[in-house]
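Listed here are the chains, written in short residue letters.
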Amino acid sequence: MDRKRKGRLGNNYLVVLVLLVSLISCKEDAKPVIKESLAVIEEPEPVFEFGFNIDDYIIKHDTIKNGDTFGVILERNRIGYPKIYQIAEKAKDSFDIRKLQVGKPYTLFCSKDSLELPEAFVYQPTKEDYVVIKFKDSIYAYNKHKPIKYVEKTATGVITNSISQTLEEQGLSQRLAYKMADEIFAWTIDFRRLQKGDRFKVIYTDKYIDDSIYVGIDNVKAAYFEHKNEPFYAFEFLTDSVKGITDYFSEEAKNLRRAFLKAPVKFSRISSRYNLKRRIAVYGYKVRPHKGTDFAAPIGTPIMATSNGTVTKASYTGGNGNYVKIRHNATYETQYLHMSKRNVKVGQFVKQGDVIGWVGMTGKTGGPHVCYRFWKNGRQVDPFKQKLPESKPISDSLKVKYLDFIKPIKAELDDITFKRKKKKDITNNNQVTLNN
């Protein structure tokens, strides 16, 4: 075999060998590639409180104690008085730091280091409102209002003992009992003489702060009470948009309320009645007429105006302590004594149920209570022996509007079925979020 032929054969063998190696490589490359999956770490959503990212601060919650002032609180947390004075001056247009009230909560947002120096102070005068004072670099203050959500709910109950017990067994707010017994049906049904089998249905609105913090019942939209097999309807209706006055009316547009509440405080007891022949041991058992009705209640209990009217006196005397007097019309006046603090000023118009002060022990008193005094035609009388007038009837011009207004609400109320509930049941049959 000549050299040329041998060379061609060698080249062919070389080509075949290259092809075989290529095929083997392709097969190896065709093998599936196993990729390692990397775990995706999700960052947690930041949590904010009063607009502050809580991860950025050391947070200290507390309440205002006796003797606490804005300066004392900051000085206790290592802020010097020159800086405190500067903060107070800059913040005074938004908030008067002298108005801190004992028992109200506050929060300090402190630096996240070993010094833990406060960088912001948040004060909550109410559950819904708060004041922020920032002073890390620049100093500024502002007022904020927490978002409020209203949720409409319905509830029913069948009386076995009392309305309070029926609501308690369902885990419902006792505020519903007060609303129905002392406000809505107070002059229609005697709740001390309810019968077993009496029953009720109610549409009401619950109030929440920040979507989750329950702060109580906002209002009762409508109610139905069946007492001794007789039905009673009640519908809330705005009668004066200027003064914001609402009343409860029957399905025939009859006002269900009297012009006056039965008591100026909720869930209290009468510790001393109107008595012109009362004798007191302190005065040697001499006759000392008592021309008021004393309602015993814990210090700080809100005192309500028993009727719409204008404040004519808001003052202090040695005997009355802090007191408020209200003129309701040409015939009636009321007075509220021994308040710990007043909440109204002379000339101010107040509505029935408005808080005008808080129960205290100021003036001549042996215990915490409000002495409620009632005038008719300039003479003090016993309110429980008066035939008190009904509230202002609905005007003819509003009556047609009212009857149209309650039609869908009455249908909704009638559609609610009665059912007994156990303690473990949820507190409402139905709920609808109204707004945020």
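Residues numbered from 1 in each chain as written. Predicted model: local features only at pLDDT ≥ 70, side-chain atom pairs only at ≥ 80, totals over all residues. Heavy atoms only, no water.

## Overview of the environment of Gln-101
Here's step 1: Its place among the elements puts Gln-101 in the loop between helix H3 (81–91) and strand E4 (105–110).
Here's step 2: Not counting the four nearest positions on each side in its chain, Gln-101 is found in contact with Ile-64, Tyr-123 and Lys-341. (Helix = DSSP H or I, 4+ residues; strand = E, 2+ residues; numbered from the N terminus. Contact = heavy atoms within 4.5 Å.)

## A short note on the pairing of strand E23 (residues 369–376)
Here's step 1: Within E23, six of the eight residues are buried, which leaves the element mostly enclosed by the surrounding structure.
Here's step 2: Two strands pair when backbone bridges link them, and strand E16 (residues 292–296) and E23 are joined in this way by five bridges, in the antiparallel orientation. In the strand pairing of E23, Thr-293 is matched with Tyr-372.
Here's step 3: As judged from the six bridges shared by strand E20 (residues 332–342) and E23, these two strands associate in the antiparallel manner. Bridge assignment links Leu-337 to a residue of E23, and that residue is Cys-371.
Here's step 4: Two elements, E23 and strand E24 (residues 379–381), share three bridges in a ladder whose sense is antiparallel. Within E24, the residue paired with Lys-376 across the bridge is Arg-379.
Here's step 5: Between the end of E23 and the start of E24, which pair antiparallel, lie two residues, with Asn-377 showing a positive phi angle near 55 degrees. (Buried < 20%, exposed > 50% of the residue type's maximum accessible area, 1.4 Å probe, protein only. Pairing = 2+ DSSP bridges.)

## Re the nonpolar core
Here's step 1: In terms of nonpolar packing, the biggest core is built from 25 residues, with Ile-163, Met-180, Phe-185, Phe-191, Tyr-204, Val-220 and Phe-225 touching the most fellow members.
Here's step 2: When residues of this core are traced back to their parent elements, those giving at least two are helix H4 (163–169), helix H5 (174–184), strand E9 (199–209), strand E10 (213–227) and strand E11 (230–240).
Here's step 3: In this view, Met-180 contacts Ile-163, Phe-185, Ala-186, Phe-191, Phe-200 and Phe-225; residues no more than four positions away in its chain are not counted.
Here's step 4: Counting 24 residues, the second-largest nonpolar core is a separate cluster that includes Val-324, Met-339, Val-344 and Leu-388. (Core = buried A, V, L, I, M, F, W, Y, C linked by side-chain atoms within 4.5 Å.)

## So, the pattern of salt bridges
Here's step 1: Enumeration over the complete set of coordinates arrives at 16 salt bridges.
Here's step 2: Between Glu-152 and Lys-221 there is a salt bridge, with its nearest N and O atoms 3.2 Å apart. A residue pair is termed long-range when its members are at least 10 positions apart, and Glu-152 in strand E8 (residues 148–158) and Lys-221 in strand E10 qualify at 69 residues.
Here's step 3: Note on Glu-152: relative accessible area 12%, which makes it buried.
Here's step 4: Of the charged contacts, one joins Glu-412 and Lys-221 as a salt bridge, the two residues approaching to 3.8 Å between their closest N and O atoms. Of this pair, Glu-412 sits in helix H6 (residues 396–415) while Lys-221 sits in strand E10; the two residues are 191 residues apart in sequence, bridging distant segments of the chain.
Here's step 5: Shared partners join several salt bridges into a network, and the residues in it are Glu-152, Lys-221 and Glu-412. (Salt bridge = Lys/Arg side-chain N within 4 Å of Asp/Glu carboxyl O.)

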